[in-house]
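The lines below spell out each chain.
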Amino acid sequence: MSAGSLLLAALAALVGGAINSIAGGGSLVTFPILVAIGLPPLTANTTNTMALWPGAFGSLWGYRRQFAGVGGWVASIGATGVLGGLVGAWLLL
């Protein structure tokens with residue numbers, strides 16, 4: 001992989017992380033760049049998900065005060081998301 005490709009991926013990661021911390025949707029920037037620099041789509045998807053996860057956790061930590069009092073709602077949405085992820089992974093495999 002060339003230095004230019006790595007620089008482009010780093011720039012996309014910075015922009016995607018910033019977008020995710022504000023509103024979500026950073027994958028719309030990062031995933032196409034990973035495919036464009038030559039990663040196969042499955043590898044690009046996995047890399048994209050793993051690369052943006054720490055930023056999502058950091059954003060959640062940063063906004064923790066705004067989540068006060070909605071723990072039950074967050075737990076039910078989270079459980080639905082985990083269940084959907086498991087079913088999706090099972091269907092993919």
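Residues numbered from 1 in each chain as written. Predicted model: local features only at pLDDT ≥ 70, side-chain atom pairs only at ≥ 80, totals over all residues. Heavy atoms only, no water.

Moving on to the overall build of the chain. Summing up its helical and strand segments, the chain has four helices and zero strands in all. Each helix and strand of the chain, placed in order from N terminus to C terminus, yields the pattern α-α-α-α. Rg of the C-alpha trace for the chain: 16 Å, well past the compact-globule value of 12 Å for 93 residues, more than 25% over. Structurally, the chain occupies a C-alpha span of about 50 × 35 × 15 Å along its principal axes. (Helix = DSSP H or I, 4+ residues; strand = E, 2+ residues; numbered from the N terminus. Rg over C-alpha atoms; globule rule 2.2 N^0.38 Å.)

A few words on the confidence of the model for the chain. When pLDDT is averaged along the chain, the result is 88; 100% of the residues meet or exceed 70. Mean pLDDT across the elements of the chain bottoms out in helix H3 (residues 41-62) (85) and peaks in helix H2 (residues 27-36) (92). (pLDDT = per-residue confidence, 0-100.)

Once that is clear, we can look at helix H1 (residues 3-22). Since the α-helix advances by 3.6 residues per turn, residues separated by three or four positions end up pointing in the same direction. Here H1 is 20 residues long and its end C-alpha atoms lie 29 Å apart, about the 28 Å a rise of 1.5 Å per residue gives. Every buried residue belonging to H1 is among Ser5, Ala9, Ala12 and Gly16, and all of these are buried. The buried residues of H1 occupy an angular sector of 65 degrees when projected down its axis, which confines them to one face. In H1, the exposed positions angled more than 90 degrees off the buried face are occupied by Ala3, Leu7, Leu11, Leu14 and Ile22. After H1 finishes, the residue Gly24 shows a positive phi value of roughly 85 degrees. (Expected span 1.5 Å × (residues − 1). Buried < 20%, exposed > 50% of the residue type's maximum accessible area, 1.4 Å probe, protein only. Arc of directions from axis to C-beta.)

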